[in-house]
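Commentary on secondary and tertiary structure
This is what each chain is made of:
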Amino acid sequence: MTPDGTADRLLPGLRTPSNQVSRRAVTYWTARAALNGLVVVAVEVVVVIAGGLAPGWWIAVALSAIIGAVHAAIMPHWRYRVHRWEVTDQALYTRSGWFSVQWRIAPISRIQTIDSHRSLGERIFGLANVTASTASAAGPVHIRGLDLSTADRLLDELAIATGQIPGDAT
Amino acid sequence: MSGSASEPDVVWLRLSPRSLIVRPTMDLLRLLPFLLGLLYLRSRGGSANYWGVGFALLAVVASIVRWLTTRYRITDERVYVRRGLLSQKVLSVSRDRVRTVDLSAHVLYRMLGLRRVSIGTGRNDRRDGESFRLDALTFGRCCWPPRSCGSPPVPPAASLLPWMPQA
């Protein structure tokens, strides 16, 4: 294979997948993290009030609110820098995660099904994700946080690429 | 069919020696709540601390044994993983039957230049002894932060399979 991509600083020997996800994914991840943080804090507030706990417990509540806020502020931007994907003529290649990083590579010739899914949250932010299954016991490969037109284009691209490979993808 | 006998020149490789640092550390971290519990029991009187030391030692010895008994090799046709101390097992998969290659790295792995490599086949391989998981292989030098390392030599695992997107 021609060495045309830039080397992945996090994964020597392999290249950085060429495409980033949609910028709107940052907003989506922020909203989701903030919502999760709010739910946790709300439950804690209810427990402290209803349980009649000592006032000292409010420090714990404040602490978890701060942790939640920092998480919602940092994680999405960090994640945006890590999440990448690429379709080569032979493989589907994704990088995801933030604190821990995962790379998944699936050969195009083994792809069985290609589907797209939009959760309620993703629909609100105009995002979609694409899933390609290869019947691997390790599970299907997901590309999350794509904008709609990219997701549609990727679905077509994968459909054409898998169709061009002879054989039965066993 | 080309089995191991027809490709005797391809050597069996070991996991990265640095995984000897990672595995016991992770095992001990996982044991930490338990060890703290034992410490608490001890503070209330008793000999529970010997148990704590015993379990910690067991975790370290188990990782060393796992490292010593796990080997892999990649021939032109197949990928082999051999493991087991008492009952030995050799797993193999044809290279063109590999369905996914997953690499992952949390912070400790990144500090040590290690990556966990899992080769996904159609087989349901949840159990550790039956999976094509190589935990962990060397990917680069042992240094931190990674951008200070310069460009490391290309690890052999990067060209594990011909369709991997090499840099």
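Above this text is the structure in question.
1. Some remarks on the interface of chain A and chain B
Each side of the interface is counted separately: chain A has 38 residues, and chain B has 34 residues. Carbon and sulfur atoms supply 58% of the area that chain A and chain B bury against each other, a total of about 2800 Å² over both sides. In this assembly, chain A and chain B are joined by 1 salt bridge. Arginine 104 of chain A serves as the salt-bridge partner of aspartate 102 of chain B, at 2.7 Å between the closest nitrogen and oxygen. Here chain A is connected to chain B by 9 residue pairs in polar contact (both at pLDDT 80 or more). Only strand E2 (11-15), strand E5 (91-97) and strand E6 (101-107) of chain A provide two or more residues apiece to the side of chain A that touches chain B.

2. Here we look at the sheet that holds strand E7 (residues 113-117) of chain A
Residues and elements named next belong to chain A. Read from one edge to the other, the open sheet built from 3 strands follows the order E7-E8-E9, with strand pairing classed as antiparallel. Where the open sheet ends on each side, the last strands, each with one partner, are E7 and strand E9 (141-147). The average undirected angle you get between the axes of adjacent strands in this sheet is 20°. Packed on one face of the sheet, helix H4 (residues 148-163) meets E7, strand E8 (127-133) and E9 and runs near 140° to E9.

3. A look at the pattern of salt bridges
For the structure on display, the rule yields 5 salt bridges over all chains. In this structure, a network of salt bridges that share partners links the residues Arg23, Arg116 and Asp135 of chain B.

4. Notes on the sheet that holds strand E5 (residues 100-105) of chain B
Taken together, 7 strands build an open sheet; the order of strands is E3(A)-E4(A)-E5(A)-E6(A)-E5(B)-E6(B)-E7(B) and the sheet is antiparallel. Sheet topology places strand E3 (19-20) of chain A together with strand E7 (132-138) of chain B at the edges, where each strand pairs with a single neighbour. Its contacts with the sheet put helix H2 (residues 57-82) of chain A on E3, strand E4 (84-87), E5 and E6 of chain A, and the angle it makes with E5 of chain A is roughly 160°.

Quick notes on the rules
- Residues numbered from 1 in each chain as written.
- Chains lettered and ligands numbered in written order.
- Predicted model: local features only at pLDDT ≥ 70, side-chain atom pairs only at ≥ 80, totals over all residues.
- Heavy atoms only, no water.
- Contact = heavy atoms within 4.5 Å.
- Buried area = accessible area lost by both parts, 1.4 Å probe.
- Salt bridge = Lys/Arg side-chain N within 4 Å of Asp/Glu carboxyl O.
- Polar contact = N/O pair within 3.5 Å; in protein donor to acceptor, adjacent residues only side chain to side chain.
- Helix = DSSP H or I, 4+ residues; strand = E, 2+ residues; numbered from the N terminus.
- Pairing = 2+ DSSP bridges.
- Axes fitted to C-alpha atoms, helices over the stretch in contact; angles between N-to-C directions.

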